[in-house]
Amino acid sequence: MVQTKKMNESVFAKILKDFTVTGELIRARQDEKQAILDEFASENKRFYFGKISENALASSVKKTNKELMRLDKDIRRLIVRAKSLSDTAKKLTANQAPTIFKATLSGVSSGAKKKKVTKKKVVKKKSTKRKPAKKKVVKKKVVKKKAVLTKTARKKELALDRKFSKKK
């Protein structure tokens, strides 16, 4: 007797329920975040009109930022959870792809075709020719005959000679 795949509906229903709950939690956290932003805006207005001090506003800023970071972290965590649930649902539904059957005179048979064995083509490597390296042209320095130097030029040359001879 040939059987088809059956979907586990209870698992799928649980995934859908979890997905819905996660979506509602994301929405609730976003509403909570908006309420905090609105509350801070009213605090800021009160400071602007001189109703509260700058220290009170500074503590409110610190508290608000801490709460916003907590909500953002929670929203990101819920988004990851929703993505995971959607991936699970996708896999579960993909497993329900119909199996092909054929009815013949001898009975029902699987209509799946046998896969052909294909040989992998051998990729030939291309031979690469290197270009010959360019030769550097070395320019020869032309040595001029020493001209008679002035006293100051001679002193500078001797000082430089002493300086470089010490370094060696």
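Model, not experiment: these values are computed from the prediction.

A. Spatial organisation of the environment of E43. Counting through the fold element by element, E43 comes out in helix α1 (residues 9–48). In this structure the C-alpha to C-alpha distance between E43 and V61, which are 18 residues apart in sequence, comes to 9.4 Å.

B. Expanded view of the pairing of strand β2 (residues 107–110). Where strand β1 (residues 101–104) and β2 come together, four bridges link them in antiparallel fashion. Bridged to K102 within β2 is S109. Linking two consecutive strands that pair antiparallel, namely β1 and β2, is a turn of two residues.

C. A look at the pattern of salt bridges. Scanning all chains against the criterion turns up eight salt bridges. One salt bridge in this structure joins R81 and D18, with 3.6 Å as the shortest N-O distance. Of this pair, R81 sits in helix α2 (residues 54–94) while D18 sits in helix α1, placing them 63 residues apart in sequence. Assessed through its relative accessible area of 39%, R81 is described here as partly exposed.

D. Representation of α2. Between the first and last C-alpha of α2 there are 59 Å, a value that for 41 residues agrees with the 60 Å anticipated at 1.5 Å per step. The inward-facing, buried residues of α2 contact α1.

E. The arrangement of the packing of α1 against α2 in detail. One way to put it is that α1 packs onto α2 with a least axis distance of 9 Å and a crossing angle of 165°. Between α1 and α2, the angle falls in the class roughly antiparallel. As α1 packs across α2, the resulting crossing turns out to be left-handed. Class assignment for the residues of the contact of α1 with α2 results in 21 nonpolar, eight polar and 13 charged.

F. Just the packing of aromatic side chains, in detail. Counted by the stated rule, this structure contains one aromatic pair. Aromatic pair Y48 and F49: ring centres 5.3 Å apart, planes at 75°, arrangement edge-to-face. The exposure classification of Y48 matches that of F49, with both residues exposed.

G. Fine view of the side chain of D74. Relative to the helices and strands, D74 resides in helix α2. Using a relative accessible area of 13% as the deciding quantity, one classes D74 as buried. A polar side-chain atom of D74 sits 2.5 Å from a polar atom in the side chain of R29.

The rules behind these values
Residues numbered from 1 in each chain as written. Predicted model: local features only at pLDDT ≥ 70, side-chain atom pairs only at ≥ 80, totals over all residues. Heavy atoms only, no water. Helix = DSSP H or I, 4+ residues; strand = E, 2+ residues; numbered from the N terminus. Pairing = 2+ DSSP bridges. Salt bridge = Lys/Arg side-chain N within 4 Å of Asp/Glu carboxyl O. Buried < 20%, exposed > 50% of the residue type's maximum accessible area, 1.4 Å probe, protein only. Expected span 1.5 Å × (residues − 1). Contact = heavy atoms within 4.5 Å. Axes fitted to C-alpha atoms, helices over the stretch in contact; angles between N-to-C directions. Parallel < 35°, antiparallel > 145°, perpendicular 65-115°, else oblique. Left-handed = near helix turned anticlockwise from the far one by under 90°. Nonpolar A, V, L, I, M, F, W, Y, C, P; charged D, E, K, R; others polar. Phe/Tyr/Trp six-rings, centres within 6.5 Å; stacked < 30°, edge-to-face > 60°. Polar contact = N/O pair within 3.5 Å; in protein donor to acceptor, adjacent residues only side chain to side chain.

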